[in-house]
Amino acid sequence: MPRSLRISLLLLPSGLLMAVFVYGLIRLIGSSLIVDGTLDFTYYEAIFSRSDYVAMLGRTLRIAAMTTFFSLLLGFPTAYYVARYRGNRNILLLLIIFPWLVSIVVRSYGWVVILGPRGLINGVLTWTGVVERPLKLMYNDFGVILGLVHVLLPFMIIAILSVLMQIPRTLEEASMSLGGRPAHSFRTVLLPLAMPGVLTGITLVYLMATGAIVTPLLLGGLGDTMLGTEIFQEVMHFFDYPKAAALATVLLVTALAVVLPIQLLERWLSARLSDGGAL
Amino acid sequence: MPLTSSSDQPILQIDSVTKSFDGTIAVNDVTLDVVEGEFVTLLGPSGCGKSTLLRMLAGFETPTSGRILMRGRDMSRLPAYDRDIGLVFQNLALFPHLNVYDNVAFGLRARKRTEGLDSKVRDVLSLVGLDGFEKRRTGQISGGQRQRVALARSLVTSPDVLLLDEPLSALDLKLRRQLQVELKRIQRETGITFIFVTHDQEEALSMSDRIAVMQAGQVEQFSTAVETYHHPRTRFVAQFVGETNLLEGQVTAKSGGDVTLRVVGVDQPMTLPAPADLSANTGDTVAISIRPEHMRVGPSECPALTGTVVSHSFSGATVTYALDSAAGPMLAQTPFQTGQGHPFAPGHQVRLSWPIANVTVIPA
Ligand SMILES: Nc1ncnc2c1ncn2[C@@H]1O[C@H](COP(=O)(O)OP(=O)(O)O)[C@@H](O)[C@H]1O
Ligand SMILES: [Mg+2]
């Protein structure tokens, strides 16, 4: 069998998958735009004229941004520690991806046990008399962000780790032997070289956070849902497909508006770095 | 250049430094004094602890015991960025995201010495022969040029001491010879103290003021290049630095400063001045080292050994014989004049002899 044929055979399944995906996407956008065969923006007008939907969109983007920020804050040092770990790195890697073996519902529900009004923290606090009434640790943005960071952190760590592993330790040592203090070495050597991984991590976490359904459903407040959860409910409870499709399209466009520039930046950086020669 | 006169205050003192990594000893009780402006080479086989010693000097490892003093000040625990020591890495470690100019300027910026930065960077680039390469990326230049960038990068801050970890080992022979000469020139012009690491004895001999020969974490001998070659003090040094013939001997008499030896296979006893540190007494076994170029092939009155030619290789001015003898296999490199006919053929029996002055006694 000729090589090209073999390759195209191998590509067939992924091609099929892509075709179905693209078809779905087109149908989705189409169903939100075309009403009775004509182009119609009713659904979008309906969405943007309702202040609660606009607020929901804002909250979704804000929570996604916060989640990304905290994942980066925790993920970078963790990835650095793992990349420079002299012992058995595989054990650390296993610990990082271990949560993926547990269903996201279970993981999010775990937080209810810890953060809930009668959960672990409030139990201890009220029992010891530190507080009189349970603190509101969940059913609000705090709970959602905490839960999302927990779920999405491994993606950030893996994305950054994969780049840090390519950066030889001697580059940091070179910086130090040239008088670069740790902060200077980080800013001028490590961070620029790790940037492609950081941007990949930001993209992944931000996208997944904007589309999150389960975590906001379990840990979020009743009144202030996120867009993903709302879409889920429009479909599953109200069967309002066109409206769900319009919401999904809005979500897609706003997410892309953030992610595309980041992707372009990452491309540019990677090209520049690989141009710089062997690391 | 002054080498080891006692009035010179050493710029760097390595004082009984030991480094072990979870039980395995990489550097074992090393003591060395380096004088300002000197070109010192650490020479030894791979794995003998050269890089570990350099890394302790640079500040990337802390000694398990012992001290490192710079101009009399203990800096064993000082972080790398607070030492005035440059390091050229074995893998160069150029910053891939910076161009040649920014790589070289890195140290000045990190130390906030940006006054006159541009002219300093250009001066050092021209010192290493890289004018016009400022804007090149490090991936767009040749191996030898990358080597020069690494050198320029650590020279620009004028460190007190520059450490170089096998900087030439990845280059081909021709480029290597060329850079050896240039490194020497740069060292002379800048006056910076160099500590150079290599496992190549020829490189060490041709470049160094002094050589520290290392084996298994220890310094076996620290002496000038000439001394190291002509008066090896241990068997290892004799064999590692240059080629040599090692013969087994027995001390038959010791009187005054002289020692008389009886050497296996040699027909007469030899009497020669004993090295000061020879502790062997009458009846003890010692080794003697004779370089191949000091071996004479042919009739002689000196103490001599009978050998059989195994093979010979003719290289214009000299012939090198491999021989078999009662004292084991021998090498002899003799001058060869035109009109001398042909070298001795394999199977030929010859007499091997040597001037007493070229014999080195080594404790067994
Ligand atoms: N970080 C380390 N951990 C454990 N062993 C090490 C480490 N660095 C060096 N060694 C060991 O120390 C010895 C000397 O190594 P090194 O200094 O690199 O030798 P050289 O540079 O002379 O080839 C080797 O046996 C090496 O395995
Ligand atoms: Mg080494």
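Cut-offs used in this document
Residues numbered from 1 in each chain as written. Chains lettered and ligands numbered in written order. Predicted model: local features only at pLDDT ≥ 70, side-chain atom pairs only at ≥ 80, totals over all residues. Heavy atoms only, no water. Helix = DSSP H or I, 4+ residues; strand = E, 2+ residues; numbered from the N terminus. Buried < 20%, exposed > 50% of the residue type's maximum accessible area, 1.4 Å probe, protein only. Pairing = 2+ DSSP bridges. UniProt positions renumbered as here; feature names shortened; annotations may be inferred. Domains from an automatic or database assignment. Contact = heavy atoms within 4.5 Å. Buried area = accessible area lost by both parts, 1.4 Å probe. Polar contact = N/O pair within 3.5 Å; in protein donor to acceptor, adjacent residues only side chain to side chain. Nonpolar A, V, L, I, M, F, W, Y, C, P; charged D, E, K, R; others polar. Phe/Tyr/Trp six-rings, centres within 6.5 Å; stacked < 30°, edge-to-face > 60°. Lys NZ or Arg CZ within 6 Å of the ring centre and 35° of its normal. Axes fitted to C-alpha atoms, helices over the stretch in contact; angles between N-to-C directions.

The next subject is the environment of B:Arg77. Residue and element names in this part refer to chain B. Mapped onto the elements, Arg77 comes out in the loop between β5 (73-74) and β6 (85-88). For Arg77, a relative accessible area of 63% translates into the label exposed. Remark: the alpha-carbon pair of Arg77 and Gln215, spanning 138 residues in sequence, is separated by 26 Å.

The subject of this paragraph is the sheet that holds strand β1 (residues 10-21) of chain B. The 4 strands are arranged β2-β1-β4-β5 (chain B) in an open sheet whose pairing can be described as antiparallel. The open sheet has two edge strands, β2 (24-35) and β5 of chain B, and neither has a second partner.

On to the UniProt feature "transmembrane region" (unreviewed entry) in chain A, then. Residues and elements named next belong to chain A. Sites flagged by UniProt as "transmembrane region" (unreviewed entry) map to residues 7-26, 63-83, 90-110, 142-167, 188-209 and 244-265. Within the segment residues 63-83, helix and strand shares are 100% and 0% respectively, and the terminal C-alpha atoms sit 29 Å apart. Along residues 142-167, the helical share is 88% and the strand share 0%, with 35 Å between the first and last C-alpha atoms.

Here we come to the domain arrangement of chain A. All names here are of chain A. According to the domain assignment, chain A consists of domain 1 (1-40) and domain 2 (52-274). Measuring from the centre of the C-alpha atoms in domain 1 to the corresponding centre in domain 2 gives 30 Å. Counting from both sides, the interface comprises 5 residues of domain 1 and, opposite them, 6 residues of domain 2. Across the domain 1 to domain 2 interface the summed buried area is about 410 Å²; carbon plus sulfur atoms make up 78%. Here domain 1 is connected to domain 2 by 0 residue pairs in polar contact (both at pLDDT 80 or more). Here the residues of the side of domain 1 that touches domain 2 are counted per class, giving 3 nonpolar, 2 polar and no charged.

Moving on: the packing of aromatic side chains. Residue and element names in this part refer to chain B. This model, assessed by the stated rule, comprises 10 aromatic pairs over all chains. An angle of 45° between the planes, with centres 6.0 Å apart, marks the rings of Tyr321 and Phe344 as tilted. Pair noted here: Tyr321 is in strand β17 (residues 318-325) and Phe344 is in the loop between β18 (330-335) and β19 (349-353), with a separation of 23 residues, a long-range link. For Tyr321, a relative accessible area of 4% corresponds to the buried category. A relative accessible area of 30% means that Phe344 is categorised as partly exposed. By the ring-pair criterion, three or more aromatic residues cluster together here, those being Phe39, Phe194 and Phe196. A cation over an aromatic ring shows up here: Lys135 above the ring of Tyr101, its NZ or CZ 5.6 Å from the ring centre. Of note, Arg291 hangs over the ring of Tyr229, and the distance from its end group to the ring centre comes to 4.1 Å.

Attention now moves to the sheet that holds strand β8 (residues 193-198) of chain B. Residue and element names in this part refer to chain B. Strand order in the open sheet made by the 6 strands is β6-β7-β8-β3-β9-β10, with mixed pairing throughout. Because the sheet does not close on itself, it has two edges, and the strands there are β6 and β10 (218-224). On average, each strand axis in the sheet is tilted by 15° relative to the strand beside it, whichever way the strands run. Bridge analysis of β6 against strand β7 (residues 161-165) gives 4 bridges, and the strand direction is parallel. Note that in β7 the partner of Val88 across the bridge is Leu164. Packed onto the sheet, helix α4 (residues 143-155) meets β6 and β7 and runs at close to 170° relative to β6.

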